[in-house]
There are 2 protein chains.
Amino acid sequence: MKKKETVALDSTCSKELMAATDTLTILNGKWKIQIIATLNYSGPLRFMDLQRLIKGIGSKMLSRELQDLETNLLVKRTVLNTRPMTVEYELSPHGKSLERIINSMRLWGKAHRKKIAARN
Amino acid sequence: MKKKETVALDSTCSKELMAATDTLTILNGKWKIQIIATLNYSGPLRFMDLQRLIKGIGSKMLSRELQDLETNLLVKRTVLNTRPMTVEYELSPHGKSLERIINSMRLWGKAHRKKIAARN
DNA sequence: CGGGATCCCACCGGATACTG
DNA sequence: CAGTATCCGGTGGGATCCCG
């Protein structure tokens, strides 16, 4: 017997496309990629260290973007029992799984720059 | 003599990361991915056909997003000599080169949904 | 048919100040 | 140290109307 299709295939298959848009939305925001890349490169970092490493970001934005990433389980937040308090942020395995995609985007972006530059 | 580094390698190598952010920016906007995927699937389409296929988009947004994509050389716009006028849009080869990335994002997005759903 | 012009609002993101 | 509160300008995107 014939296996039933799990997804209705309309012309654009927008149900499937939503997953791509989800990824875009999660990565969106002025600092998300830098935060992820910084944590991926440097390992666990405290709030202030992140702010120092990511040039130009304010504490409000850093805080909000980290909360977004934590909500999406990409970043783990750990409060250390010290005085004054310190908090460590680190990429979760799920967060690290973004490395391949970010790298693809980095490569495509570089190729794209050349295309645009050659456009005159 | 020593070749000079073209990019200063700070801890996060933000110059390289910019290319990834570029890609994000180009793909950003509520409808870009749908437009690209629709053109990729259906081939050349007229303005109205696109609007019919992409449920919910208004003419203003469709127009603006298409202009963005055209500026970035992802889409080719062709005005046909008919009455009343018709315009055809199609993906450029450069635009088609996004297919792999969009597909990666689609797969990651699906995996991410499961992760989030299992979070309880 | 293929858009542009206008209005409108929600949200993004920066600056500054403040708190436990 | 690690944030939150507040204010504020800019932009994204929808609705509607209009034009060649």
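Please read these numbers as outputs of a predicted model, since none were measured by experiment.

Student: Please clarify how the overall build of chain A should be interpreted in this entry.
Tutor: Helix and strand counts for chain A come out as six helices and three strands. Across the 120 residues that make up chain A, the buried fraction comes to 41%. Partitioning the intrachain contacts of chain A with sequence separation of at least 6 by distance along the chain shows that 43% fall at a separation of at least 24. Taken as a whole, chain A presents about 7,600 Å² of accessible surface, with 54% of it coming from carbon and sulfur.

Student: So what exactly am I meant to see when it comes to the side chain of Thr86(B) here?
Tutor: As for its placement among the helices and strands, Thr86(B) is situated in strand S3 (residues 86-91). Reaching out from Thr86(B), the side chain makes a polar contact with the side chain of Thr82(B) at a distance of 3.1 Å.

Student: Got a minute to help me understand the sheet that holds strand S1 (residues 45-46) of chain B in this structure?
Tutor: One key point about sheets: their strands pair by backbone hydrogen bonds, in either a parallel or an antiparallel sense. Residues and elements named next belong to chain B. Read across the open sheet, the three strands follow the order S1-S3-S2; overall the sheet is antiparallel. Edge strands, defined here as strands with exactly one partner in the open sheet, are S1 and strand S2 (75-80). Strand direction decides the pairing type here: S2 and S3, joined by six bridges, are antiparallel. Note on S3: the bridge partner recorded for threonine 78 is glutamate 88. With respect to the sheet, helix H2 (residues 32-42) is in contact with S1, S2 and S3, its orientation differing from that of S3 by roughly 95°.

Here is what the cut-offs are and how they apply
- Residues numbered from 1 in each chain as written.
- Chains lettered and ligands numbered in written order.
- Predicted model: local features only at pLDDT ≥ 70, side-chain atom pairs only at ≥ 80, totals over all residues.
- Heavy atoms only, no water.
- Helix = DSSP H or I, 4+ residues; strand = E, 2+ residues; numbered from the N terminus.
- Buried < 20%, exposed > 50% of the residue type's maximum accessible area, 1.4 Å probe, protein only.
- Contact = heavy atoms within 4.5 Å.
- Areas by Shrake-Rupley, 256 points an atom, 1.4 Å probe, with all protein chains shown as cover.
- Polar contact = N/O pair within 3.5 Å; in protein donor to acceptor, adjacent residues only side chain to side chain.
- Pairing = 2+ DSSP bridges.
- Axes fitted to C-alpha atoms, helices over the stretch in contact; angles between N-to-C directions.

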